[in-house]
Amino acid sequence: LPSANPPPPPPPPPLHPSRPLPPSPCLPPSSPSPLPSPSLLLINTPVESVIMKFGIAACLLLTTIVSVNARKCNTCWLTSLQCSAVKPISSTDSGASPVATSSCIFGYSDGTYSNEDPENGLEPLVFNIPIKTGCGLKSYTDPSSPFYYCNKTATSTNSKIKFGQINKLDASTMAATCTKVGVCTLSATGDSVYFSNNVGYTATIPFISDKGMKVFAIVYIDDPSTAGDVQMVELTVPKLDSKTGNVSSWKSVSVIDSVYSSSAKGVYQPAGGSLTPWCTAIGGEKVPVSQDILQFFSNKAPLPTEMNYGWVTESRVEIDYSASVIKRYALGRIQATATFAMPDKKTVYLSDGSVVYMFVSKLVKDLRNGTLYAANFSKETVKWVKLNSVNESDMVAEVAKSKGWLDYWEGSAYLDATAKSCNTGYQRVFTNQERCWRPKSAVEKYACLLYPKDCAMFKGATYNLSGVTGFAYNMDDKGATGKELGLNKFFISFSTVSTDMQTSLGGSSVVRPCGSVYMFTIGKVDNCTLLNANCDDATKATSAKSPYTSYALNSYKVDIVNGLPLDTDRSKCEPSLPSQPSYIHFASYHNTLFIADGGSLHESNHVWLLDFSGQGRPFVPTSIFRAPRGSMIEGVSWMNNLVGDGRSYLSISVGSGPQPGFIGYLGPFTLKGYNAGSYDMLTNIGCPIRGEQDYLYDATKYVDKLS
């Protein structure tokens, strides 16, 4: 990769205590006096003019330097990252290749910085691409003809299906001849298949068994012109050769599974993925029109209907190293564009792009039964609306007999056709706006799960958010200094902030055509804190003792970081800021928010780093990765101490462009003094998965086995 700019000069070392968390406490025996709470102020300095121009709400985090009795720690946390910036595409740069930062200064919880010790032994940062779409390096035997190479530069190896291949037939019976441009023809029937460049979200999952450590990538193939797929690739993780000092590269072992046909009705254009705290990938799927069903699912019997799609999916690595995708019907037919499961392993956030939903399951790690809520946003306050509860088996049975909208909703003509006002008990909804509607009382719970956006509108939730594209949460509630911005906060990215969204939020937002990221506080919600709840004091006291969840959004601040249109061309976004942000991810305990560009308002899309450590630095995003021109960034995930050797990585998925899609890994970001084989850094994350012989198997196993 081309070299990025030289690293910035090191910041002044802050003085702060180490984090009072496992694996080894770093606080002195007598804790220092609490530091004052942080304040965000706009300061009358040259930086202010930059901040005001860029439209970032927070400028500098003022830190009061307090003398503390900090001592060095043997095992230190990464508390900040300051990386050399990747520049936008220039007039002399074709932009055909990805570019990543090559130098970062690591701030540690003992108050030291990686650049202060020239003998620190840190490995250099490398961006490595182990997986590309295309045919493998080897061929396999076709009964009728040889299988030709499609792309000799691809790194996926021989397997029953090639990475990125979209095939409407069962993978085990595939036999094809391919051209050099990647178009394959099935020799038996003449049907065409091809290798999609549309690599989507990637979940990287470690697995420990009696056979050792394996690492898998579960990858969404979200091609808009096909049914898409979910594929699993086995990977090898870089290792340090202690004798030579050389570090190996990420490599793909094989595409060992495609789950296109593993589910009864198949999966349609998966999207919006995230890794759960129990080490599975959840995401959404779109709803095909009838013609797409005939084209892509004609081998299913009986032929599916639209009701079979749009559900939340859970993908996972099974104990035999196979992959499975399970549709989770209790969460609603949301067509999710964003998902996120909280550390309690019961609360899950979802969005269809316009509404924010919260699902609370009855049991941890079990998405088969629970209650769905929708959010009402107004004047920086969030209230929740209960939609309904249903269990998975009942929902599956209902889907099997469902015919459509009129089975669940009853209509009434507008009271005033011009004003589009409704009779009492009826409301305007999303799906059918020719009249007013209400759920049929006998089937209301199914009406709200099959048509959640309509139910959310009917019950008073906010329904015109503009482009909810990503969720992130910082589970750190203490911090190394207690002064970090973003402790125990939740983040939502919006690809745009429209006038309608601004109005629905009570004017608390600003119209942002280049998008924005909002920051939320979380807390408890109970029956008496729901929208329009009417409880007396005694009932409130009783209800507060039994909250539905302690991870509900309850207030927010707009524009923690946002893009701005160029003064000279309002159809483009300022190149020094994120543009229409899509995927976001917070590296908990490391004070870093990663933001991926979406859309096409930059010359190329970037991944941005935003340092929340509050160590006296300007609160301004830094580009650390640039995708090839014309490609989309379809996922970004921080993988904390992935295999227990103190090395963390940033996973970046790139696709939807003219070139082969790929999954790349930036790293390693090394923890100082960490002992190999320890997974304490994976706080509240149920990874790695453990084999049946492992003593932690019962703690990490799935709560429901495949039948």
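Residues numbered from 1 in each chain as written. Predicted model: local features only at pLDDT ≥ 70, side-chain atom pairs only at ≥ 80, totals over all residues. Heavy atoms only, no water.

## Notes on the overall build of the chain
Moving on, step 1. Within the chain, the regular secondary structure consists of eight helices and 37 strands.
Moving on, step 2. For the chain, with 707 residues in total, the buried portion stands at 58%.
Moving on, step 3. Counting contacts in the chain only where the partners sit at least 6 residues apart, residues at least 24 apart contribute 63% of the total.
Moving on, step 4. Roughly 28200 Å² of accessible area belongs to the chain as shown, and the carbon and sulfur atoms make up 53% of that amount. (Helix = DSSP H or I, 4+ residues; strand = E, 2+ residues; numbered from the N terminus. Buried < 20%, exposed > 50% of the residue type's maximum accessible area, 1.4 Å probe, protein only. Contact = heavy atoms within 4.5 Å. Areas by Shrake-Rupley, 256 points an atom, 1.4 Å probe, with all protein chains shown as cover.)

## Observations concerning the pattern of salt bridges
Moving on, step 1. Scanning the model with the defined rule gives 20 salt bridges in all.
Moving on, step 2. Among the salt bridges present, the one from lysine 459 reaches glutamate 444, with a minimum N-O distance of 3.1 Å. Here the residue lysine 459 occupies a position in helix α5 (residues 452-459), and glutamate 444 occupies one in helix α4 (residues 444-450), the gap between them amounting to 15 residues. (Salt bridge = Lys/Arg side-chain N within 4 Å of Asp/Glu carboxyl O.)

## A short note on the side chain of glutamate 285
Moving on, step 1. Summarising the element assignment, glutamate 285 is placed in strand β16 (residues 281-285).
Moving on, step 2. A distance of 3.0 Å separates a polar side-chain atom of glutamate 285 from the backbone nitrogen of tyrosine 268.
Moving on, step 3. In this structure the side chain of glutamate 285 is engaged in a polar contact, spanning 3.3 Å, whose partner is the backbone nitrogen of tryptophan 311.
Moving on, step 4. Once residues lying within four places of it in the same chain are set aside, the contact partners of glutamate 285 are Gly266, Val267, Tyr268, Gln269, Pro270, Asn308, Tyr309, Gly310, Trp311, Lys327 and Gln335. (Polar contact = N/O pair within 3.5 Å; in protein donor to acceptor, adjacent residues only side chain to side chain.)

## Topic: the nonpolar core
Moving on, step 1. In terms of nonpolar packing, the biggest core is built from 48 residues, with Val317, Phe594, Val607, Phe625, Leu650 and Phe669 touching the most fellow members.
Moving on, step 2. With near-sequence residues (within four places) excluded, valine 317 lies in contact with Ile205, Phe207, Phe216, Ile218, Met232, Ser322, Ile689 and Tyr702. (Core = buried A, V, L, I, M, F, W, Y, C linked by side-chain atoms within 4.5 Å.)

## Observations regarding the state of the cysteines
Moving on, step 1. Counted under the stated rule, the structure contains six disulfides.
Moving on, step 2. The disulfide that involves cysteine 514 links it to cysteine 573, with 2.0 Å between the sulfurs. For the disulfide bridge between cysteine 514 and cysteine 573, the dihedral angle about the S-S bond is near -100 degrees, and by the sign convention the bridge is left-handed. Here cysteine 573 lies in the loop between β29 (549-562) and β30 (584-587) and cysteine 514 lies in the loop between α6 (499-504) and β28 (516-525), a separation of 59 residues in the sequence. (Disulfide = S-S within 2.5 Å.)

## A word on the pairing of β30
Moving on, step 1. Note: β30 against strand β31 (residues 592-596), four bridges, orientation antiparallel. Residue pairing for β31: phenylalanine 586 is matched across the bridge by leucine 593.
Moving on, step 2. Here β30 hands over to β31 after four residues, with tyrosine 589 in that stretch at a positive phi of 75 degrees. (Pairing = 2+ DSSP bridges.)

## Some remarks on the pairing of strand β32 (residues 606-611)
Moving on, step 1. Along β32, six of the six residues are buried, which leaves the element largely enclosed by surrounding structure.
Moving on, step 2. Burial of the side chains of β32 extends over both faces: His606, Trp608 and Leu610 are buried on one face and Val607, Leu609 and Asp611 on the other.
Moving on, step 3. As defined by bridge partners, β32 adjoins strand β33 (residues 622-626) across four bridges and the pair is classed as antiparallel. Residue pairing for β33: leucine 609 is matched across the bridge by threonine 622.

## As for the sheet that holds strand β17 (residues 312-317)
Strands in a sheet are paired, the pairing made by backbone hydrogen bonds, and the direction either parallel or antiparallel.
Moving on, step 1. On the basis of which strands lie adjacent, the open sheet formed by four strands has the order β15-β16-β17-β18 and antiparallel pairing. Edge strands, defined here as strands with exactly one partner in the open sheet, are β15 (270-275) and β18 (323-328). Pairs of neighbouring strands in the sheet enclose a mean axial angle of 25 degrees, with direction left out of account.
Moving on, step 2. In terms of strand pairing, β15 meets β16 through four bridges, oriented antiparallel. Across the sheet, residue leucine 275 finds its bridge partner in β16, namely alanine 281. (Axes fitted to C-alpha atoms, helices over the stretch in contact; angles between N-to-C directions.)

## Overview of the packing of aromatic side chains
Moving on, step 1. A complete count under the given rule lists 35 aromatic pairs for this structure.
Moving on, step 2. Taken together, a centroid distance of 4.9 Å and an interplanar angle of 0 degrees make the contact between tryptophan 405 and tryptophan 409 stacked.
Moving on, step 3. Its relative accessible area of 11% is what places tryptophan 405 among the buried residues.
Moving on, step 4. With relative accessibility at 1%, the residue tryptophan 409 sits in the buried group.
Moving on, step 5. Ring centres of tryptophan 405 and tryptophan 437 lie 5.3 Å apart, and the angle between their planes is 80 degrees; this geometry places the pair in the edge-to-face category. Taken together, the positions of tryptophan 405 in the loop between α3 (392-401) and β24 (409-412) and tryptophan 437 in strand β25 (residues 436-439) put the pair 32 residues apart, joining distant regions of the chain.
Moving on, step 6. On the basis of relative accessibility, which here comes to 4%, the residue tryptophan 437 falls in the buried class.
Moving on, step 7. Stacked on the ring of tyrosine 451, the Lys or Arg arginine 333 has its end atom at 6.0 Å from the ring centre.
Moving on, step 8. The aromatic ring of phenylalanine 430 is capped on one face by lysine 453, whose charged end is 4.0 Å from the ring centroid. (Phe/Tyr/Trp six-rings, centres within 6.5 Å; stacked < 30°, edge-to-face > 60°. Lys NZ or Arg CZ within 6 Å of the ring centre and 35° of its normal.)

## As for the confidence of the model for the chain
Moving on, step 1. Looking at the chain, pLDDT values average 79 and 77% of them are 70 or higher.
Moving on, step 2. Within the chain, the lowest mean pLDDT, 26, falls on strand β2 (residues 60-61), and the highest, 98, falls on strand β20 (residues 347-351).
Moving on, step 3. Ignoring residues within four places in sequence, the model shows residues 135-160, a span with pLDDT below 50, making 75 contacts including any to other chains.
Moving on, step 4. For the stretch residues 178-192, pLDDT sits under 50, and the model shows 39 contacts to residues farther than four places along the chain or on other chains. (pLDDT = per-residue confidence, 0-100.)

## Things to note about α5
Moving on, step 1. The element α5 is largely enclosed, with a buried count of six among its eight residues.
Moving on, step 2. What α5 keeps buried is the set Pro452, Lys453, Asp454, Cys455, Ala456 and Met457.
Moving on, step 3. Those residues of α5 hidden inside the fold are in contact with β21 (356-363), β22 (366-378), β23 (381-391), β24 and α4.

## Observations concerning the sheet that holds strand β12 (residues 212-221)
Moving on, step 1. What the five strands build is an open sheet, ordered β14-β13-β12-β11-β37; its pairing is mixed. Strands with a single pairing partner mark the edges of an open sheet, and in this sheet they are β14 (251-258) and β37 (689-690).
Moving on, step 2. Summarising the sheet, strand β11 (residues 199-209) and β37 pair through two bridges and their orientation is parallel. What sits directly across from isoleucine 208, in β37, is arginine 690.

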